[in-house]
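# Structural features, examined
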Amino acid sequence: MIIGAMNNPHKKLIEELMLFGEMNFDYAEITIEHPHARPEFIEKNKKDILDALSTYNLGIVTHLPWYFSLANPYERIEKATHTEFISAFRIAALLGAKKITLHTETLSPSIQSRESHVDGTIRSLKTLHKEAMNMGLDLLIENLDSKSFSVREFTRLFSEVDMGMTFDVGHANTAKGEGLETYLKHFAPRIRHVHLHDNMGQTDDHLPLGAGKIDVEKTVAALKEKYDGTITLEVHSEDRHYLEYSRQRLDILWHGKKKHLEDQNYLQPSRKE
Ligand SMILES: [Zn+2]
């Protein structure tokens, strides 16, 4: 298991990468997103970005904008979002990423029938998954909640598109999420990336580990039984020290306190406050 952090696209990307490096994260999950991590910016600043990653020996995974509709009932809009997705795939491949995550549909259910929403999502993912594969990328679909895409609908999706999943533990714990155990039971072999953050059990709060109602110890133990790969801490607190705290907490829960302390001997000299 390795631990990553995601840039806030409203902050300067290279500063974000340096912060994650100073905090001893293993990799950065770069969300290729407006305003400070748009494809054009990343392409233009590719060298500096790769330099920052290599200075801190940070690996990379990538994420697409979460707010683009995946299955818009307007064909021309669907085409336009596909163009944006594919442009981000190109940028991810340019940086050497191997994984890229996309959320399920975000359009309000009042806009189209559930049938058209599900059919459209599957149709789009068939195309996008193929495009991503051609660029050497593993396109992963992330759970939001049952309003967006239910466990039953994911089961249908995976029977038609042989793709992997990014399992977001926080999203599964919201009021309309269907719970960690249900996801692990149905999709464990498909999970190729994890997002971890806490919440109060209602909305998608993106809190530090332990600050919400998720039983972090139990959750990490359950994950560890079925999964061993990249885990991004999507902690969105304004004070970034919570991110560092969450990294230490996850490391200790996963590897044990003894190994966590031993590993400190091999880290880069820590940040001077
Ligand atoms: Zn997520």
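Residues numbered from 1 in each chain as written. Predicted model: local features only at pLDDT ≥ 70, side-chain atom pairs only at ≥ 80, totals over all residues. Heavy atoms only, no water.

### Focus on the packing of helix α9 (residues 216–226) against helix α10 (residues 241–255)
For the pair α9 and α10, the least separation of the axes is 10 Å and the interaxial angle reads 55 degrees. In terms of orientation, α9 lies oblique with respect to α10. Between α9 and α10 lies a crossing whose hand is right-handed. Judged by residue contacts, Val216, Glu217, Val220, Leu223 and Lys224 of α9 engage Arg249, Leu250, Leu253 and Trp254 from α10. Grouping the constituent residues of the contact of α9 with α10 by class yields 6 nonpolar, no polar and 3 charged. (Axes fitted to C-alpha atoms, helices over the stretch in contact; angles between N-to-C directions. Helix = DSSP H or I, 4+ residues; strand = E, 2+ residues; numbered from the N terminus. Parallel < 35°, antiparallel > 145°, perpendicular 65-115°, else oblique. Left-handed = near helix turned anticlockwise from the far one by under 90°. Contact = heavy atoms within 4.5 Å. Nonpolar A, V, L, I, M, F, W, Y, C, P; charged D, E, K, R; others polar.)

### Observations regarding the sheet that holds strand β2 (residues 27–31)
Reading around the barrel, the 8 strands line up as β1-β2-β3-β4-β5-β6-β7-β8 and close back on themselves, with parallel pairing between neighbours. Along the sheet, successive strands turn relative to each other by an average axial angle of 30 degrees, direction set aside. One ladder, built from 5 bridges, connects strand β4 (residues 99–103) with strand β5 (residues 138–142); its direction is parallel. Across the sheet, the residue bridging to His103 is Glu142, located in β5. The sheet strands contacting helix α8 (residues 180–187) are β6 (164–168) and β7 (191–196), and the helix crosses β6 at an angle near 165 degrees. (Pairing = 2+ DSSP bridges.)

### Observations concerning helix α1 (residues 13–22)
If you check which residues of α1 are buried, you get Leu13, Glu16, Leu17, Leu19, Phe20 and Gly21. If you follow the buried residues of α1, they end up packed against β1 (2–6), β2, α2 (39–44), α3 (46–55) and α10. At the exit of α1 stands Asn24, carrying a positive phi of roughly 65 degrees. (Buried < 20%, exposed > 50% of the residue type's maximum accessible area, 1.4 Å probe, protein only.)

### Comments concerning the pairing of β6
Extensive coverage of β6 is indicated by the burial of 5 of its 5 residues. Burial along β6 is two-sided: the face carrying Gly164, Thr166 and Asp168 and the face carrying Met165 and Phe167 are both buried. Pairing of β5 with β6 involves 3 bridges; the strand directions are parallel. Bridge pairing in β6 places Leu140 opposite Gly164. Bridge count for β6 against β7 is 4 bridges, and the pairing is parallel.

The analysis is restricted to geometry; functional conclusions fall outside its scope.
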